[in-house]
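# Topology and contacts: notes
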Amino acid sequence: MPVTTIKSEDQYHDILATPGLSAIQFVAPWDESCKAITPKWKQYADSSRWSEHINFYRVDICDQQDVAMDAAVQMAPTHRFYKDGNKIDEYVGSSYPALERMMGAVVAGR
């Protein structure tokens with residue numbers, strides 16, 4: 001399943017209101033660490049290992065400043081995990097192994 005780009009504050013709130021597990025990546029397109037992790041985020045979304053459990057989204061914090069402010073994002077890249085509208089975890093950074101460990105813990109419900 002592809003990564004869905006969030007294009008409005010209303011869409012962001014609709015996603016948070018959707019039941020299930022959602023992961024939102026907040027990125028600045030000019031930032032080198034964001035550029036490094038974004039292709040991996042796409043791979044995760046395309047992998048059945050992750051996509052059968054998680055819905056993947058992305059927010060360009062430059063284009064969607066209101067969403068970034070509403071989410072209180074302080075650094076990019078930030079990866080937030082929500083279950084049934086509630087934030088359950090967050091990873092800030094671009095380490096693939098650290099992000100995968102967190103995703104595994106989130107899917108396992110830890």
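Rules of the game
- Residues numbered from 1 in each chain as written.
- Predicted model: local features only at pLDDT ≥ 70, side-chain atom pairs only at ≥ 80, totals over all residues.
- Heavy atoms only, no water.
- Core = buried A, V, L, I, M, F, W, Y, C linked by side-chain atoms within 4.5 Å.
- Buried < 20%, exposed > 50% of the residue type's maximum accessible area, 1.4 Å probe, protein only.
- Helix = DSSP H or I, 4+ residues; strand = E, 2+ residues; numbered from the N terminus.
- Contact = heavy atoms within 4.5 Å.
- Salt bridge = Lys/Arg side-chain N within 4 Å of Asp/Glu carboxyl O.
- pLDDT = per-residue confidence, 0-100.
- Expected span 1.5 Å × (residues − 1).
- Arc of directions from axis to C-beta.
- Polar contact = N/O pair within 3.5 Å; in protein donor to acceptor, adjacent residues only side chain to side chain.

Take the nonpolar core next. The biggest cluster of nonpolar side chains holds 17 residues, and the ones touching the most others in it are W41, Y44, F56, F81, L99 and M103. Among the elements of the structure, strand 2 (21-27), helix 2 (32-46) and helix 5 (96-108) are those that each provide at least two residues to this core. The element best represented in this core is helix 5, accounting for five residues. For W41, the residues in contact, after removing those within four places along its chain, are V3, A23, I24, Q25, F56, Y57, R58, H79, L99 and M103. Grouped together as the second largest cluster of nonpolar side chains are 15 residues, I6, A28, I61 and Y82 included.

Two side chains that carry opposite charge are able to pair once their charged atoms sit near each other. Taken as a whole and assessed by the stated rule, the structure comprises four salt bridges. Between K35 and E32 there is a salt bridge, and its shortest N-O distance comes to 3.4 Å. Note that K35 and E32 are positioned in helix 2 at a spacing of three residues, about one turn of the helix. The residue K87 makes a salt bridge to E90 at a minimum N-O spacing of 3.3 Å. Among the residues examined, K87 registers a relative accessible area of 47% and is labelled partly exposed. What makes E90 partly exposed here is its relative accessible area of 29%. Linked by salt bridges that have partners in common, R80, K87 and E90 make up one network.

Mapped onto the elements, Q64 comes out in the loop between strand 3 (55-60) and helix 4 (65-70). Those residues in contact with Q64 that sit more than four places away from it in its chain are I6, K7, S8, E9 and V59.

Another aspect to go through is unusual backbone geometry. Residues other than glycine predominantly adopt negative phi, and peptide bonds predominantly adopt the trans conformation. Between A76 and the following residue, P77, the backbone shows a cis peptide bond with an omega angle of 0 degrees. Unusually for a residue other than glycine, A72 sits at a positive phi of about 55 degrees. Looking at where A72 falls in the secondary structure, it is placed in the loop between helix 4 and strand 4 (78-83). If you check the backbone angles, D84 has positive phi at about 50 degrees while not being a glycine. Judged by relative accessible area, D84 falls into the partly exposed class, the value being 46%.

Chain-level pLDDT for the protein is 95 on average; 100% of the residues reach the 70-or-more range. Here helix 3 (residues 48-51) stands out as the element of the protein with the lowest mean pLDDT, 94, in contrast to strand 3, whose mean of 98 is the highest.

One full turn of an α-helix is made of 3.6 residues, so residues set three or four places apart face in the same direction. Along its 13 residues, helix 5 runs 18 Å from first to last C-alpha, staying within 8% of the 18 Å computed at 1.5 Å per residue. Those residues of helix 5 not exposed but buried are A98, L99, M102, M103, A105 and V106. Projected down its long axis, helix 5 carries its buried residues within an arc of 160 degrees, all on one side. Buried residues along helix 5 sit against strand 2, helix 2, helix 3, strand 3, strand 4 and strand 5 (86-92). The backbone nitrogen of A98 lies 3.3 Å from a side-chain oxygen of the residue at the head of helix 5, namely S95.

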